[in-house]
Amino acid sequence: MSQRTDENEPSQSDELPLGLQAPGGLATAVEAVLIVAAEPQTATHLAHILEVSVDEVEQVLLQLQQEYAGNVQFDEQEQTAHITRPRGFALRHQDNTWQLVNSAATQDIVAAFISGDRTAKLSAAASETLAIIAYQQPITRAKIAAIRGVNADGVVRSLLVRGLIEEQGMDEQSHAATLVTTNEFLERLGLHSLDDLPALAPFLPQSAQEEPKMEQGTLALSNA
């Protein structure tokens with residue numbers, strides 16, 4: 001006689017912390033979050049999201065950092081370690097935060113790919129992002145993503161490589177780096193200063209002029 005299973009009984013995956021439910025365990029979960037994160041993440045925040053301890057997250061972060069650098073890859077299940085090839089990306093630890101970035105050894109390669117012909121026209125996404133930065137600077141990557149409604153990391157990297165924007169300063173609340181336009185941006189547009197940027201109010205709907213607020217998916221621009 002087969003044993004009856006209670007349908008309301010929680011499954012094994014439901015009993016596990018969120019960070020341990022992914023194939024590959026906590027390391028896979030941490031990677032997944034860092035890939036989509038618009039800003040550097042603290043181990044404390046990652047631990048809270050993944051429902052594990054800070055010590056567990058910090059241990060995984062250090063292991064991933066070594067693995068990406070081509071040092072040692074640790075297999076939790078087999079309890080073995082072996083040397084891996086260097087990756088094209090790295091896990092940067094700075095000011096108690098962690099972020100996936102291009103490795104230093106591949107900077108020239110990535111720059112060549114992104115910039116190509118520096119006279120080439122910007123894509124629609126790059127032009128939109130550049131306009132947001134120009135009129136809302138200083139601004140964080142997270143705020144750009146909130147305005148556009150999509151992750152803007154790739155576009156921001158492209159603009160950084162082209163020299164049209166740069167990181168300058170830090171947001172007081174999130175401690176994330178803020179982005180501003182550069183002198184090259186002004187030169188490319190034939191402007192002497194940001195004061196020469198055209199006022200956008202005449203091009204906005206009347207309702208937008210009356211309530212200039214920044215909402216997700218909406219670009220609320222000042223007359224800077």
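Residues numbered from 1 in each chain as written. Predicted model: local features only at pLDDT ≥ 70, side-chain atom pairs only at ≥ 80, totals over all residues. Heavy atoms only, no water.

Engineer: Explain the sheet that holds strand β7 (residues 165–170) residue by residue, including any values.
Structural biologist: Reading across from one edge, β6-β8-β7 is the order of the three strands in this open sheet, with antiparallel pairing throughout. In this open sheet, the two strands that pair with only one neighbour each are β6 (139–140) and β7. In the sheet, β7 pairs with strand β8 (residues 177–181) via four bridges, with the strands oriented antiparallel. Directly across from M170, in β8, lies its bridge partner A177. (Pairing = 2+ DSSP bridges. Helix = DSSP H or I, 4+ residues; strand = E, 2+ residues; numbered from the N terminus.)

Engineer: Quick one: what's the story with unusual backbone geometry, residue by residue and with numbers?
Structural biologist: Between Q137 and P138 the backbone carries a cis peptide bond, its omega angle lying at -5°. Position of P138 among the secondary structure elements: in the loop between α6 (124–136) and β6. With phi around 65°, E51 is a residue other than glycine that occupies positive phi space. With respect to the helices and strands, the residue E51 is situated in the loop between α3 (43–50) and α4 (54–68). The backbone of D95 sits at a positive phi, close to 55°, despite the residue not being glycine. Looking at where D95 falls in the secondary structure, it is placed in the loop between β4 (89–94) and β5 (97–102). Given a relative accessible area of 60%, D95 falls into the exposed group. (Buried < 20%, exposed > 50% of the residue type's maximum accessible area, 1.4 Å probe, protein only.)

Engineer: Mind laying out the sheet that holds strand β1 (residues 41–42), listing which residues take part and the relevant values?
Structural biologist: The strands making up a sheet associate through backbone hydrogen bonding, with each pair oriented either parallel or antiparallel. Read from one edge of the open sheet, three strands run β1-β5-β4, paired in antiparallel fashion. Each edge of the open sheet is held by one strand with a lone partner, namely β1 and β4. Inspection of the sheet shows β4 paired to β5 by six bridges, in the antiparallel sense. Bridging across to β5, L91 finds its partner in L100. Each of β1, β4 and β5 touches helix α2 (residues 26–36); the most contacted strand, β5, lies at about 70° to it. (Contact = heavy atoms within 4.5 Å. Axes fitted to C-alpha atoms, helices over the stretch in contact; angles between N-to-C directions.)

Engineer: Quick one: what's the story with the packing of α2 against α4, residue by residue and with numbers?
Structural biologist: Helix-helix packing: each pair is described by the crossing angle between the helix axes and the interaxial distance. Axis separation between α2 and α4 bottoms out at 10 Å; the angle between their running directions is 75°. Relative to α4, the element α2 lies roughly perpendicular. Counting all contacts with α2, which are made through L26, A27, V30, E31 and L34, the residues of α4 involved are E56, V57, V60, L61, L64 and Y68. (Parallel < 35°, antiparallel > 145°, perpendicular 65-115°, else oblique.)

Engineer: Describe in detail the side chain of E39, supporting the description with residues and values.
Structural biologist: On the secondary structure map, E39 appears in the loop between α2 and β1. Among buried Asp, Glu, Lys and Arg side chains, E39 stands out as unpaired, with R141 the closest opposite charge at 5.1 Å. Only 3.1 Å separates the side chain of E39 from the backbone nitrogen of R141, close enough to count as a polar contact. Residues contacting E39, with those up to four places away along its chain left out, are T140, R141, A142 and A176. (Lys, Arg positive; Asp, Glu negative; His and termini not counted. Salt bridge = Lys/Arg side-chain N within 4 Å of Asp/Glu carboxyl O. Polar contact = N/O pair within 3.5 Å; in protein donor to acceptor, adjacent residues only side chain to side chain.)

Engineer: Go over α2 with me, naming the residues and quoting the values.
Structural biologist: For α2, the complete set of buried residues consists of L26, A27, A29, V30 and L34. All buried residues of α2 project into a common sector of 165° when viewed along the axis, lining one side. Opposite the packed face of α2, turned more than 90 degrees from it, sit the exposed residues I35 and V36. (Arc of directions from axis to C-beta.)

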